[in-house]
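What follows is each chain in one-letter form.
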Amino acid sequence: MSEISQNKEKASKQQFSVSRRGFLKTGVAAAAAGVMGAIAAPSKMANAASTSLSYQPAKGKWSKLRPEANYGGASVRSAEHNDQWLGTSKITGKVQKFDEQDGGFCLAIRGLLSEKAKYGYYQSGLRSPLATSNIIAINAISGPEMVDGPVSQERLPIPDPEQMSQHIKDLAYYLRADEVGIGKMPSYAYYASTMEPTQGAFASGMVSKDATITKRPVTASLPNVIVVAVEQHLETYLASTGYDGIAVSQSTRCYHASANIAVMMAQYIRILGYNARAQHFGNYEAVMGPCLIAAGMGELTRTGDCVAHPRFGFRSKVAAITTDLPLALDKPIDFGMLDFCRVCKKCADECPSKAITLDPDPVPYNGYLRWNTDSKKCTEFRCSNEEGVSCGRCIKVCPWSSKEDSWFHEAGIWIGSQGQAASKLLKSIDDMFGYGTEVIDKYKWWLEWPEFYKIQMPS
Ligand code: SF4
Ligand code: SF4
């Protein structure tokens, strides 16, 4: 039986003896909270307690539109950013920059995975009409004139860095970002070179699959990075297996939304008289993982290079603006993700390609410690999956990523950030209620054409 079929069987068996909605409504949850109360007071039940538990940013650093950082109830501490640490990721040696063409979907495009993966990626658009629509819109804002451009000769008067950071965060929220952070740009977060044509151009079918691929060296080194995240739609994940027809659109919709925000913010900053370059799916010059950590927006997870935010896990897509605008910087954060991933392993159990490691600890990789997850296996599956298009099963099942907003969720998240013993408890509760693996039909809104999922191979 294939991994997908096994997962489907597992999901269908999970007609829980206890419905979690019923559970929440009937107030049995209160009893559970009583048990958990021995460990912690959940935030919505005890706001006074949560205030003292949350990280308090420096005055003026957070936006007027969102005066307090929203960590979804997690207990968050600030972490280091120096030569030995990037947040909670230990730097063990020289982190080498790499060529964009040597990572992720670019390997499939270059034919370095299977033939099926190459054709599958190239036909991503044809196989999902909605994703194509998103990608074509991304391509329209991916050219060099959209991500970068001339800087005004005259610098407009701006507030001091702390007030400017607040303004930039307000702007990001105003433009509909779900989260924003500002960090010191790690030099190794830049690619050594980018790939042309872009991966988006291949995915949308705008260029031939046999188009000549070239490398363009990246020479930029702006000191600051503003990172914006747009959440993937929660209810859609709750109704999806994570690898069905909507999976690819969950990504592309957020790539487009975050790209739009980054392009507008970069343009705005250039009009103020400072250098600013938008970094987005259609034209990244930088790897987003280290930028996210530097900007205080999360920690590395068992999935490898995915970075989880305490409120929405890695259920988001991200764009950034690299800039020399004077800004007050956020610090990396620590909410206990490392400990949680050590005991959880839910994504590894549920991954249809078995790409995610079950190792007990992160291992050295390119000068830092990360979980030994096989990104090639993941990419191969995402490009070749014919039961849908792409995959986000790990996002769907992660206890940090896909929960409906409730005090019960916040209670769990707070517990989960309290070390390994507490993490085990949250993992057990998560499993008991079938969180993550359920498929909730009432939220299913999209249309599917499964006949399109089949990859057309040359005869
Ligand atoms: S996206 Fe990749 S790593 Fe995540 S569950 Fe799917 S195949 Fe596995
Ligand atoms: S599912 Fe569990 S192990 Fe995987 S990233 Fe989420 S918390 Fe970590």
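Refer to the structure presented above.
Just so it is clear, the model here is predicted, and its values are computed rather than measured.

Draft legend 1. Molecular detail of the site of ligand 2. In the vicinity of ligand 2, 13 residues are found, and the nearest of them are Cys-341, Cys-344, Lys-345, Cys-347 and Cys-398. Contributing elements (two or more residues each) for the shell around ligand 2: helix H15 (337–344) and helix H16 (346–350). With four residues, the single largest contributor to the shell around ligand 2 is H15. Of the residues that constitute the shell around ligand 2, the class distribution is nine nonpolar, one polar and three charged.

Draft legend 2. Representation of the sheet that holds strand S12 (residues 316–323) in the model. The strand order S5-S8-S12-S9 describes an open sheet built from four strands, whose pairing is antiparallel. Bordering the open sheet on either side are strand S5 (179–184) and strand S9 (276–279), each of which pairs with just one other strand. Between one strand axis and the next, the sheet turns through 20° on average, direction left out of account. Relative to strand S8 (residues 224–231), S5 runs antiparallel, the two being bridged by six bridges. Paired with Glu-179 across the two strands is Ala-229, which belongs to S8. Contacting S5 and S8, helix H10 (residues 161–174) runs over the sheet at an angle of about 145° to S5. Relative to S12, helix H13 (residues 247–272) is tilted by about 15°, and along the sheet it contacts S8, S9 and S12.

Draft legend 3. The arrangement of the side chain of Thr-301 in detail. In this structure, Thr-301 sits in the loop between strand S10 (299–300) and strand S11 (307–308). Here Thr-301 falls in the buried class, since its relative accessible area comes to 1%. Within polar-contact distance, the side chain of Thr-301 engages the backbone oxygen of Cys-306 at 3.0 Å. Beyond its immediate sequence surroundings of up to four residues, Thr-301 is in contact with Cys-306, Ala-308, Phe-314, Met-337, Cys-341 and Trp-371.

Draft legend 4. Quick look at the site of ligand 1. Looking at ligand 1, the residues that line it are Cys-351, Pro-352, Ser-353, Ile-356, Cys-378, Phe-381, Arg-382, Cys-391, Arg-393 and Cys-394. Elements with a contribution of two residues or more to the shell around ligand 1: helix H17 (375–384) and helix H18 (393–397). Broken down by element, the residue count for the shell around ligand 1 peaks at three residues, all from H17.

Draft legend 5. Structural detail: H10. The end-to-end C-alpha distance of H10, which contains 14 residues, comes to 19 Å, matching closely the 20 Å that a straight helix rising 1.5 Å per residue would cover. When H10 is considered as a whole, its buried residues turn out to be Met-164, Ser-165, Gln-166, Ile-168, Lys-169, Asp-170, Leu-171, Ala-172 and Tyr-173. Buried-residue contacts for H10 involve S5, S8 and H13. The opening residue of H10 is Asp-160, an N-cap whose side-chain oxygen sits 3.0 Å from the backbone nitrogen of Glu-162. Backbone geometry just after H10 places Arg-176 at a positive phi near 85°.

About the criteria used
- Residues numbered from 1 in each chain as written.
- Chains lettered and ligands numbered in written order.
- Predicted model: local features only at pLDDT ≥ 70, side-chain atom pairs only at ≥ 80, totals over all residues.
- Heavy atoms only, no water.
- Near = heavy atom within 4 Å.
- Helix = DSSP H or I, 4+ residues; strand = E, 2+ residues; numbered from the N terminus.
- Nonpolar A, V, L, I, M, F, W, Y, C, P; charged D, E, K, R; others polar.
- Pairing = 2+ DSSP bridges.
- Axes fitted to C-alpha atoms, helices over the stretch in contact; angles between N-to-C directions.
- Contact = heavy atoms within 4.5 Å.
- Buried < 20%, exposed > 50% of the residue type's maximum accessible area, 1.4 Å probe, protein only.
- Polar contact = N/O pair within 3.5 Å; in protein donor to acceptor, adjacent residues only side chain to side chain.
- Expected span 1.5 Å × (residues − 1).

Everything listed here is a matter of coordinates, which is why it stays silent on function.
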